[in-house]
Amino acid sequence: MAGATILILNGPNLNLLGVREPETYGRDTLADIEEACMERGSVLGLTVDFRQTNTEGQLVEWIQEARENADGIVINPAGYTTTSVAILDALLAAELPIIEVHLSNIHRREAFRHDSLVSRAATGVICGLGAQGYLLALEAMARLLEADND
Ligand code: CA2
């Protein structure tokens, strides 16, 4: 769907990307990922709105607003992935295509990272591919929205 807006949400501590733990999360900063998403969005004809917050309530507010302002949500819920019923409920209420992204392969890591609540609302999930996961999510979103419009 040309001209569609995709809201890309990033949860707590992702503002530290590129600065700490590069062996787990890679060397790209969040600003690098944002720039790459903007570029890929423009190639795909999508408007990308890229945000990060350390606050659960702020993520809920943005997801609620997306119902009116966006055509799809890409979300890396970070530390809220396995615990936030509030984010899950907001995503379910949004009635939009949702793609969950994790930089690391959460299934190769500690057991407490495995059971994502957010996945219950997600159309699809991408993990373990680093920053590339965000770009793949945009590609997938473009196809999902095209298919919706057929
Ligand atoms: O792999 C991912 O993208 C995660 O969502 C990242 C979260 C983690 O809690 C999830 O299990 C998997 C952590 C984000 C914290 O990011 C940092 C980045 C650099 C340095 C420290 C933390």
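The shown structure was predicted, so the numbers you read here are calculated from the model rather than taken from an experiment. (Residues numbered from 1 in each chain as written. Predicted model: local features only at pLDDT ≥ 70, side-chain atom pairs only at ≥ 80, totals over all residues. Heavy atoms only, no water.)

1. A look at the packing of aromatic side chains
Per the counting criterion, the structure on display carries one aromatic pair. Ring centres of Phe-50 and Tyr-134 lie 6.3 Å apart, and the angle between their planes is 40 degrees; on these two criteria the pair is classed as tilted. On the criterion of sequence distance, the pair formed by Phe-50 in strand E2 (residues 47–52) and Tyr-134 in helix H5 (residues 132–149) is long-range, its members being 84 residues apart. There is no split in this pair, since Phe-50 and Tyr-134 are both buried. The positively charged end of Arg-51 is found above the aromatic ring belonging to Trp-62, 5.1 Å away from the centroid. (Phe/Tyr/Trp six-rings, centres within 6.5 Å; stacked < 30°, edge-to-face > 60°. Helix = DSSP H or I, 4+ residues; strand = E, 2+ residues; numbered from the N terminus. Buried < 20%, exposed > 50% of the residue type's maximum accessible area, 1.4 Å probe, protein only. Lys NZ or Arg CZ within 6 Å of the ring centre and 35° of its normal.)

2. What about the site of the ligand?
The local shell around the ligand holds 16 residues, among which Asn-76, His-102, Leu-103, Ser-104 and Arg-113 are the closest. Asn-76 places a polar side-chain atom, nitrogen or oxygen, 2.8 Å from an oxygen atom of the ligand. At 2.5 Å from an oxygen atom of the ligand is found a side-chain nitrogen or oxygen belonging to Ser-104. For the ligand, the protein covers 91% of the area, taking 510 Å² as the surface of the free molecule. (Near = heavy atom within 4 Å. Polar contact = N/O pair within 3.5 Å; in protein donor to acceptor, adjacent residues only side chain to side chain. Areas by Shrake-Rupley, 256 points an atom, 1.4 Å probe, with all protein chains shown as cover.)

3. Some words on the sheet that holds E2
Pairing is parallel in the open sheet, where five strands are placed in the order E2-E1-E3-E4-E5. In the strand order of this sheet, the two ends are held by E2 and strand E5 (124–127), each with one partner. Strand-to-strand twist of the sheet, defined as the mean angle between neighbouring strand axes without regard to direction, takes the value 15 degrees. Direction of pairing for strand E1 (residues 5–10) relative to E2: parallel, over a ladder of six bridges. The residue bridging Leu-7 from the neighbouring strand is Asp-49, located in E2. Along the sheet face, helix H3 (residues 56–69) touches E1, E2 and strand E3 (72–76) and points at about 175 degrees away from the line of E1. H5 rests against E1, E2, E3, strand E4 (98–102) and E5 of the sheet, and its axis sits at about 170 degrees to E4. (Pairing = 2+ DSSP bridges. Axes fitted to C-alpha atoms, helices over the stretch in contact; angles between N-to-C directions. Contact = heavy atoms within 4.5 Å.)

Take it as geometry only, folks, not as evidence of what the structure does.
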